[in-house]
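# Structural overview for review
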Amino acid sequence: MRSSVSAIILAAGKGTRMKSDYAKVLHEVFYRPMIHHVLDAVQALALAKNIVVTGYKRQEVEKVLQGYDVVSAPQEEQLGTGHAVLAAEQFVARSKTATVLILCGDTPLIRPETLGRMLDEHCSGGAVLTVMTTLVADPTNYGRIVTDDQGRLLAIVEEKDATPEIRAIKEINAGIYCVSSDFLFNALLKVDRNNKQSEVYLTDIVAIAVNSDYQVSRFSCEDSLEVLGVNSRIELAEAHACLQNRRNRSLMLSGVTLLRPETIAIEHSVEIGRDTVIHPHVYIGGSSRIGSNCVIESFTQIKDSVIGSGATIGSHSSINNREIDEGLQIGPHTVYI
Ligand code: UD1
Ligand code: MG
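Residues numbered from 1 in each chain as written. Chains lettered and ligands numbered in written order. Predicted model: local features only at pLDDT ≥ 70, side-chain atom pairs only at ≥ 80, totals over all residues. Heavy atoms only, no water.

### A word on the overall build of the chain
Across its full length, the chain holds nine helices and 25 strands. Referenced to the eigenvectors of the C-alpha coordinate spread, the extents of the chain come out at roughly 70 × 40 × 40 Å. Expressed as a percentage of its 337 residues, the buried residues of the chain come to 53%. When contacts within the chain are restricted to residue pairs at least 6 apart in sequence, long-range pairs at least 24 apart make up 51% of them. Distance from the positive charge centre (32 side chains) to the negative charge centre (40 side chains) of the chain: 3 Å. (Helix = DSSP H or I, 4+ residues; strand = E, 2+ residues; numbered from the N terminus. Buried < 20%, exposed > 50% of the residue type's maximum accessible area, 1.4 Å probe, protein only. Contact = heavy atoms within 4.5 Å. Lys, Arg positive; Asp, Glu negative; His and termini not counted. Charge placed at Lys NZ, Arg CZ, Asp CG, Glu CD.)

In structure tokens, the structure reads:
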């Protein structure tokens, strides 16, 4: 089934609200460019083709795409999310895929399992379009989900175009869609730029489908954090903290003790053996491997190093590119550069 699906990942926008000289999707979340997290989730689905729409700072964005099985579709001018999807049209046509999964490069917390479930639901139902939605306490800046009195989806209205009543809606558009390729590119031809931002809104295809009596579904994502859209440095920090939290929880579940885990930063690439105890305010990164029964004391940084089982690394140490023998006791304030 997945062989009839292509993914379009929107990554051409400037990210004005980041107040940055760099493209938004290049900002690091949990030690990697934001877009890598999205690409990892998409890659796990093994789709026919993955298309990344690039525009603002295109060369720089394309550089971080290396190593991924993706094609870059240029969007010369950034005229909105609908316009960005149109930039991918010829690539979808060439791949001859009947279904497109659309997502944004600025939602780094999305899990492949959630995308997979959404795709399965979409492909086994009869809808031309499935929109991922979620409920949030503060819907500011998101597109709002407008439904009729029977709860059927009618339209998505962007914050800037919304009346106070619509702004009060707490169900928001996650920015992830499964859609029939034929319907998508036909509908986009009908979308105008008649809105407060003078942009071609991808979200307008919902009302177009509804008005043509096509079936439109919504897939509700229970964990709203998973679809957090990073638009500012505040959300960047939230996304980082969430990924660190996921990583630390999985380490604890595998038998590693973390004291005050919210202060501990351990990159994904690091391996740690069971019964090792990590004290507060520790960073471990790069290709480090920590054995079992080790103690890593507070304010210590370890990068690209191997720590043998049973070793203790004293507090305030900095260990780079070293191998520490099993059972060794390294005193506090040790610096190996
Ligand atoms: C968009 C949705 C909103 C949704 C939110 C979810 C529209 C009109 N609005 O709003 O309903 O709640 O995402 O996070 O779709 N991009 C391009 N080219 C462009 C414009 C944008 O590639 O011309 C890319 C951006 O790089 C970004 C993504 O599209 O990755 C979304 O753009 P953004 O400006 O963040 O849209 P939002 O205002 O967040
Ligand atoms: Mg956004």
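### Let's talk about the coordination of the magnesium ion (ligand 2)
The protein atoms that coordinate the magnesium ion (ligand 2) are Asp106 (OD) and Asn231 (OD1), at distances spanning 2.3 to 2.5 Å. Taken as a pair, aspartate 106 in the loop between strand 6 (99-104) and helix 5 (112-124) and asparagine 231 in the loop between strand 11 (216-220) and helix 9 (233-253) lie far apart in primary sequence, 125 residues in all. Accessibility assignment for this pair places aspartate 106 and asparagine 231 in one class, buried. (Donors = N, O, S within 2.8 Å, 3.2 Å for Na, K, Ca; no water.)

### Quick notes on the site of ligand 1
In the neighbourhood of ligand 1, 23 residues make up the surrounding shell, with Leu10, Gln75, Thr81, Glu158 and Asn173 lying closest. Arginine 17 places a side-chain nitrogen or oxygen 3.1 Å from an oxygen atom of ligand 1. One of the backbone nitrogen or oxygen atoms of glycine 80 is found 2.8 Å away from an oxygen atom of ligand 1. When isolated, ligand 1 has an accessible area of 750 Å², and the protein chains bury 90% of it. Among the elements of the structure, helix 3 (81-86) and strand 10 (171-180) are those that each provide at least two residues to the shell around ligand 1. For the shell around ligand 1, a count of residues per class yields nine nonpolar, ten polar and four charged. (Near = heavy atom within 4 Å. Polar contact = N/O pair within 3.5 Å; in protein donor to acceptor, adjacent residues only side chain to side chain. Areas by Shrake-Rupley, 256 points an atom, 1.4 Å probe, with all protein chains shown as cover. Nonpolar A, V, L, I, M, F, W, Y, C, P; charged D, E, K, R; others polar.)

### Regarding the pattern of salt bridges
Opposite charge on two side chains permits them to pair, given that their charged atoms come into close proximity. Counted under the stated rule, the structure contains nine salt bridges. A salt bridge links lysine 24 to aspartate 106, with the shortest nitrogen-to-oxygen separation between them at 2.8 Å. Here aspartate 106 lies in the loop between strand 6 and helix 5 and lysine 24 lies in the loop between strand 1 (5-10) and strand 2 (28-29), a separation of 82 residues in the sequence. The pair formed by lysine 24 and aspartate 106 is uniform in burial state, with each residue classed as buried. Across the pair aspartate 148 and arginine 152 runs a salt bridge, and its minimum N-O distance is 3.0 Å. (Salt bridge = Lys/Arg side-chain N within 4 Å of Asp/Glu carboxyl O.)

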